[in-house]
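Fold and geometry: a report
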Amino acid sequence: MNLVGFDYINQRDKKLVELFISSNKTKKYILGINKLGKSVLKHLEVDGIIDDFTRVQSSRKKTVLKIQDVPKDSIILTVATGSPLEVKIKLDELGYTHFNYLAFIRYSKLDLVHPPFIMDFKDDFLKNESKYQETYDLLEDKKSKEIFTKILNFKMTFDLDFMEGFTNNHKEQYFDKEIIPKIKNINFVDGGAYVGDTLPQIINNFPDYNKIYCIEPNDLHLKIAKRDFPNQRDIEFINCGLGKEKITSTISQDEQNNCSHDYHAQNINTIDNLINEKIDFIKMDIEGAEQDAIKGATNTIKLYHPILAICIYHKAEDWYKVPKMVLNIKNDYKIYLRHYMEGIFETVMYFIPKS
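Residues numbered from 1 in each chain as written. Predicted model: local features only at pLDDT ≥ 70, side-chain atom pairs only at ≥ 80, totals over all residues. Heavy atoms only, no water.

Here we look at the overall build of the protein
Regarding its fold elements, the protein presents 13 helices and 16 strands. Taking 355 residues into account, the globule formula puts the C-alpha radius of gyration at 20 Å, and the protein, at 22 Å, falls close to it. By its C-alpha atoms, the protein is 70 × 45 × 35 Å across when sized along the principal axes. Here the protein holds 355 residues, and 54% of them are scored as buried. Surface summary for the protein: the accessible area is close to 17100 Å², and the carbon and sulfur share equals 46%. Here the protein holds 49 positive side-chain charges and 52 negative ones, and the gap between their average locations is 2 Å. (Helix = DSSP H or I, 4+ residues; strand = E, 2+ residues; numbered from the N terminus. Rg over C-alpha atoms; globule rule 2.2 N^0.38 Å. Buried < 20%, exposed > 50% of the residue type's maximum accessible area, 1.4 Å probe, protein only. Areas by Shrake-Rupley, 256 points an atom, 1.4 Å probe, with all protein chains shown as cover. Lys, Arg positive; Asp, Glu negative; His and termini not counted. Charge placed at Lys NZ, Arg CZ, Asp CG, Glu CD.)

A look at the sheet that holds strand β13 (residues 281–284)
One open sheet accounts for 7 strands, arranged β9-β8-β7-β13-β14-β16-β15; its pairing is mixed. Where the open sheet ends on each side, the last strands, each with one partner, are β9 (235–238) and β15 (333–339). Between one strand axis and the next, the sheet turns through 15° on average, direction left out of account. Pairing of strand β8 (residues 211–215) with β9 involves 4 bridges; the strand directions are parallel. Across the sheet, residue Cys 214 finds its bridge partner in β9, namely Phe 237. Running at roughly 50° to β15, helix α6 (residues 142–157) makes contact with β15 and β16 (347–353) of the sheet. (Pairing = 2+ DSSP bridges. Axes fitted to C-alpha atoms, helices over the stretch in contact; angles between N-to-C directions. Contact = heavy atoms within 4.5 Å.)

A short note on the environment of Lys 15
For Lys 15, the position within the fold is in helix α1 (residues 11–22). We classify Lys 15 as exposed; its relative accessible area is 55%. Between the C-alpha atoms of Lys 15 and Tyr 107, which are 92 residues apart in sequence, the distance is 8.9 Å.

Some points on the nonpolar core
Judged by nonpolar contacts, the single largest core of 103 residues is most densely connected at Leu 77, Phe 99, Phe 104, Tyr 132, Ile 294, Tyr 350 and Phe 351. It is helix α13 (residues 318–329) that contributes the most residues to this core, 7 residues altogether. Apart from residues no more than four positions distant in its own chain, Ile 294 is found in contact with Met 284, Ile 301, Ile 310, Val 322, Met 325, Val 326 and Ile 329. Core analysis: the next-biggest nonpolar cluster, separate from the first, contains 10 residues, Tyr 29, Ile 67, Val 70 and Ile 76 among them. (Core = buried A, V, L, I, M, F, W, Y, C linked by side-chain atoms within 4.5 Å.)

So, the sheet that holds strand β11 (residues 247–248)
The 3 strands are arranged β10-β12-β11 in an open sheet whose pairing can be described as mixed. Either end of the sheet is taken by a strand with one partner, and the two such strands are β10 (241–242) and β11. Sheet topology note: the β10/strand β12 (residues 267–269) ladder contains 2 bridges and is parallel. Each bridged residue has a counterpart across the sheet, and for Leu 242 the counterpart in β12 is Asn 269.

What to know about the pairing of strand β1 (residues 28–31)
Side-chain alternation along β1 places Lys 28 and Ile 30 on one buried face and Tyr 29 and Leu 31 on a second face that is also buried. The pairing of β1 with strand β5 (residues 75–78) spans 4 bridges and is parallel. The partner of Tyr 29 across the bridge, within β5, is Ile 76.

Examining the pattern of salt bridges
Pairing is possible between side chains that carry opposite charge, provided their charged atoms lie close to one another. In total, this model carries 16 salt bridges according to the counting rule given. A salt bridge links Lys 88 to Asp 161; its shortest N-O distance comes to 3.9 Å. Of the two residues, Lys 88 is situated in helix α3 (residues 84–94) and Asp 161 in the loop between α6 and β7 (187–191); the sequence distance between them amounts to 73 residues. When its relative accessible area of 23% is taken as the criterion, Lys 88 is described as partly exposed. Taking relative accessible area as the criterion, Asp 161 reaches 38% and is therefore assigned partly exposed. (Salt bridge = Lys/Arg side-chain N within 4 Å of Asp/Glu carboxyl O.)

What about the confidence of the model for the protein?
Confidence in the prediction of the protein, expressed as mean pLDDT, is 91, and 92% of residues score 70 or more. Per-residue pLDDT stays below 50 along residues 54–60; that stretch engages in 14 contacts with residues further than four places along the chain or on separate chains. (pLDDT = per-residue confidence, 0-100.)

A look at the side chain of Lys 283
Among the structural elements, Lys 283 can be located in strand β13. Given the relative accessible area of 1%, Lys 283 is considered buried. There is a polar contact of 2.9 Å between the side chain of Lys 283 and the backbone oxygen of Gly 192. Ignoring any residue separated from it by four or fewer positions in sequence, one finds Lys 283 in contact with Tyr 174, Phe 188, Val 189, Asp 190, Gly 191, Gly 192, Ala 193, Thr 198 and Ala 309. (Polar contact = N/O pair within 3.5 Å; in protein donor to acceptor, adjacent residues only side chain to side chain.)

What to know about the packing of aromatic side chains
In the structure shown here, the tally under the stated rule is 23 aromatic pairs. Centroid distance Phe 6 to Phe 125: 5.9 Å. Interplanar angle 65°. Geometry classified as edge-to-face. Separated by 119 residues along the polypeptide, Phe 6 in the segment before α1 and Phe 125 in helix α5 (residues 121–138) bring together distant segments of the chain. Classification of Phe 6 by relative accessible area gives buried; the value is 18%. Residue classification places Phe 125 among the buried residues on the basis of a relative accessible area of 3%. Between Phe 148 and Trp 319, the ring centres sit 5.3 Å apart and the planes meet at 70°, which makes this aromatic pair edge-to-face. Of the two residues, Phe 148 is situated in helix α6 and Trp 319 in helix α13; the sequence distance between them amounts to 171 residues. Note on accessibility: Phe 148 and Trp 319 belong to one class, buried. An aromatic cluster of at least three residues, connected via ring pairs, comprises Phe 6, Phe 121, Phe 125, Tyr 132 and Tyr 320. In this structure, Lys 150 packs its charged tip against the face of Phe 166, placed 4.7 Å from the ring centre. (Phe/Tyr/Trp six-rings, centres within 6.5 Å; stacked < 30°, edge-to-face > 60°. Lys NZ or Arg CZ within 6 Å of the ring centre and 35° of its normal.)

The following block contains the structure:
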């Protein structure tokens, strides 16, 4: 691993953060409307909020502006999480001075809302560096090792420069043609099916599929998936969460449906319990419950040796615990790593059977 270390400093970003906090002469704006921007406003006065996609006219009593209305000699703090590189490139093209919320977290020392899926990394890495090295050594190809290094450097530094080259590429997520072999008459487990947003890619990549098991704990999300695929053949919709054992929760359906994309399940079951036939491919994006779900698929993995595409971005420890768990169940796998988003989300670890 070629890591820059936690003492890395982006001098430009550090100076912009200091200027944003201390200057009374420079015009200051926040680009984006979300809880991250709101947490900044608790500490600092700014001259306005920028959002080219909202109909809202004000945010916390600040005027919401279009980017063309912002003076070019301003400093812009961007709080976008979904497409931070796209925002960065656009602001560079327009000639604005700007920096990202992650830099603000890193250099401001203010008590700010934490961005998701990154704040647990430092402590975990310092305690388990050798385990990260073990995962790096397991990776099958050069591209996986480069991605591993880039993302860890990003998590160490909060510096988007280390994410250059990544794009929001949801169509290839789980179906990377460099990695996934062609399989006829596939049985596919879509773990964490959400509103069925992966179904079009499953159907497109495996048009002769045998069956798709669409597993989602949120009843409202599952109803949307059923509504959008009413006539699609051989899909079984299963309303539960995936875990290491069967559990009936006390969470009400209303509470569950109010949990957005969070993986709060009213009922939890295992893949081993739910499916009693050969499985060829298991995808998991279940908001941090992946380790438990792997335990609950132990017999399926042993017996059928399926391809696994498992999201590992929710918890720092998933980077080394997930591969160890899988290989302890079945050690005949090649391991690859790919990343499908500009920010911290959508890192997928693939397990491809060697035979």
